[in-house]
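Okay, here's what each chain looks like letter by letter:
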Amino acid sequence: MNCDGALYWPDERVLVVSDLHLEKGSSFATRGVLLPPYDTAATLARLSFAIARLAPRVVIALGDSFHDGNGSARIAPTDRAALAGLQRGRDWIWIAGNHDPDPAAALAVRSRSGG
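Predicted model only: the values in this text are computed from it and were never measured.

1. Structural notes on unusual backbone geometry
At Glu 23, a residue that is not glycine, the phi angle is positive and equals roughly 65°. Its location among the elements puts Glu 23 in the loop between strand S2 (14-17) and helix H1 (24-29). A positive phi angle, close to 50°, is found at Ala 55, a residue other than glycine. You can see Ala 55 is positioned in the loop between helix H2 (39-54) and strand S3 (58-61). Accessibility expressed as a relative area gives 37% for Ala 55, which makes it partly exposed.

Dropping the structure here:
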């Protein structure tokens, strides 16, 4: 376990993350609760640091990657591009959680069901 909360399996070069809750701020905004809109960019920056440091071959996102089922559709173009950059050159497996039943559908990436 890393101090950032991610699990890294060095022999297999696998990075495991969970509960990223991307687009939490925009989810709350749809209900009139205003939070700073930088949560996704900040989370992706932390994830980028871990990926740069560890150079995983595979990233497994264990679920609740987005705060709700529409989060992947609301992600800003700059954040979408940052996420695509993080995925480039490695396998990325999205496992659905209770907040994001199919996070990869709107991102056009490989996904595996957590059911």
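2. Concerning helix H4 (residues 77-87)
Taken residue by residue, H4 has Asp 79, Leu 83, Leu 86 and Gln 87 as its buried positions. Summarising the axial view, the buried residues of H4 lie within an arc of 100°, below the 170-degree limit, and thus occupy one face. Along H4, the residues that are exposed and aim more than 90 degrees away from the buried face are Pro 77 and Thr 78. Buried positions along H4 lie against H2 and strand S4 (91-95). Downstream of H4 by one or two residues, Gly 89 has phi in the positive range, about 85°.

3. Some points on the packing of aromatic side chains
Summed over all chains, the structure comprises two aromatic pairs. Between Phe 66 and Trp 94, the aromatic rings sit 6.1 Å apart at their centres with planes inclined by 35°, giving tilted as the arrangement. Here Phe 66 is found in the loop between S3 and helix H3 (71-74), whereas its partner Trp 94 is found in strand S4, with 28 residues between them in sequence. Across this residue pair, the class does not change: Phe 66 and Trp 94 are buried. One aromatic cluster is present, built from ring pairs that chain together Phe 66, Trp 92 and Trp 94.

What counts, and where the lines are drawn
Residues numbered from 1 in each chain as written. Predicted model: local features only at pLDDT ≥ 70, side-chain atom pairs only at ≥ 80, totals over all residues. Heavy atoms only, no water. Helix = DSSP H or I, 4+ residues; strand = E, 2+ residues; numbered from the N terminus. Buried < 20%, exposed > 50% of the residue type's maximum accessible area, 1.4 Å probe, protein only. Arc of directions from axis to C-beta. Contact = heavy atoms within 4.5 Å. Phe/Tyr/Trp six-rings, centres within 6.5 Å; stacked < 30°, edge-to-face > 60°.

Bear in mind that shape data such as this cannot, by itself, settle questions of function.
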